[in-house]
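Descriptive analysis of the structure
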Amino acid sequence: MTIINEKFSVHTKGNTHVIDVTRQVQNAVYRHNLQNAVVHVYVAGSTVSITNIEYEPGLLKDLPEALDKFAPVDKEYHHDETWHDGNGYAHLRASIVGNSTMVPLMDGALVLGQWQQIVLIDFDNKARTRTVYVQIVY
Ligand code: ZN
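Residues numbered from 1 in each chain as written. Predicted model: local features only at pLDDT ≥ 70, side-chain atom pairs only at ≥ 80, totals over all residues. Heavy atoms only, no water.

**Here we look at the coordination of the zinc ion**
Protein coordination at the zinc ion comes from H79 (NE2), D85 (OD), N87 (OD1) and H91 (NE2), with a distance range of 2.1 to 2.2 Å. Coordination at the zinc ion comes from four donor atoms whose angles at the metal span 89 to 162°, giving a geometry best classed as irregular. Taken in sequence order, the residues that donate to the zinc ion follow the motif H-x5-D-x1-N-x3-H. (Donors = N, O, S within 2.8 Å, 3.2 Å for Na, K, Ca; no water. Tetrahedral: all angles 85-135°; square planar, octahedral: opposite > 155°, others 65-115°.)

Take a look at the structure:
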């Protein structure tokens, strides 16, 4: 078994900013000219997520609206009693959405649906720079 570690940085605006990182993941994988592998895409941080969605304008509104019902920004959270950083909602959203996704590389191509993109969502209440780790196992 061989493991290749890649990473790239993403500048976000925070506040549930959804960013399509599919191209960056493809670049990290395809430069190695592999045929078959497990590709794990992971972001470090407790207020940020990696997931899949169709990156189109409607869903870019629907997803934040759905998460706002689950963890509204203006609610009081016990987390603020600990750190007073005002981002309890961001931690809850990140926990539910998750911080990684796995994409198989088969016959030289990442297996993604026609309308399926890999996205990073930054839930924090300020702009951040995030590091996305791409671990390729074959
Ligand atoms: Zn916090």
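**Side note on the nonpolar core**
When a protein is soluble and globular, its nonpolar side chains tend to lie buried together. V25 and V134 are the most contacted members of the largest nonpolar core, which has 23 residues in total. Secondary structure elements with two or more residues in this core: β1 (3–12), α1 (22–30), β3 (37–43), β4 (48–53), β5 (100–106), β7 (117–122) and β8 (128–137). Per-element tally for this core: the top contributor is β3, with four residues. Not counting chain neighbours up to four residues away, the residues in contact with V134 comprise I4, N5, E6, F8, V25, A28, V29, V39 and H40. Core analysis: the next-biggest nonpolar cluster, separate from the first, contains eleven residues, L67, Y77, Y89 and F123 among them. (Core = buried A, V, L, I, M, F, W, Y, C linked by side-chain atoms within 4.5 Å. Buried < 20%, exposed > 50% of the residue type's maximum accessible area, 1.4 Å probe, protein only. Helix = DSSP H or I, 4+ residues; strand = E, 2+ residues; numbered from the N terminus. Contact = heavy atoms within 4.5 Å.)

**Points about the sheet that holds strand β2 (residues 17–20)**
Two strands in a sheet stick together by hydrogen bonds in their backbones, pointing the same way (parallel) or opposite ways (antiparallel). Overall, antiparallel pairing links the three strands, which are arranged β2-β7-β4 in an open sheet. With partners counted over all chains shown, the strands left at the sheet margins are β2 and β4, one partner each. Neighbour to neighbour, the strand axes of the sheet diverge by 30° on average, direction disregarded. Pairing geometry for β4 and β7, over six bridges, is antiparallel. Bridging across to β7, T51 finds its partner in V119. (Pairing = 2+ DSSP bridges. Axes fitted to C-alpha atoms, helices over the stretch in contact; angles between N-to-C directions.)

**Some words on the pattern of salt bridges**
In this structure the tally under the stated criterion is four salt bridges. For D68, the salt bridge is made with R93, and the minimal N-O distance between the two is 2.9 Å. Placement of D68 in helix α2 (residues 57–70) and of R93 in helix α4 (residues 88–97) is noted, with a sequence separation of 25 residues between them. The partner of D124 in a salt bridge is R128, with the nearest N and O atoms 2.5 Å apart. (Salt bridge = Lys/Arg side-chain N within 4 Å of Asp/Glu carboxyl O.)

**Some words on unusual backbone geometry**
A positive phi is found at H84, a non-glycine position, where the angle reads about 55°. Mapped onto the fold, H84 is located in the loop between α3 (79–83) and α4. Residue classification places H84 among the exposed positions, given a relative accessible area of 65%. The backbone of D107 shows a phi angle near 50°, a positive value even though the residue is not glycine.

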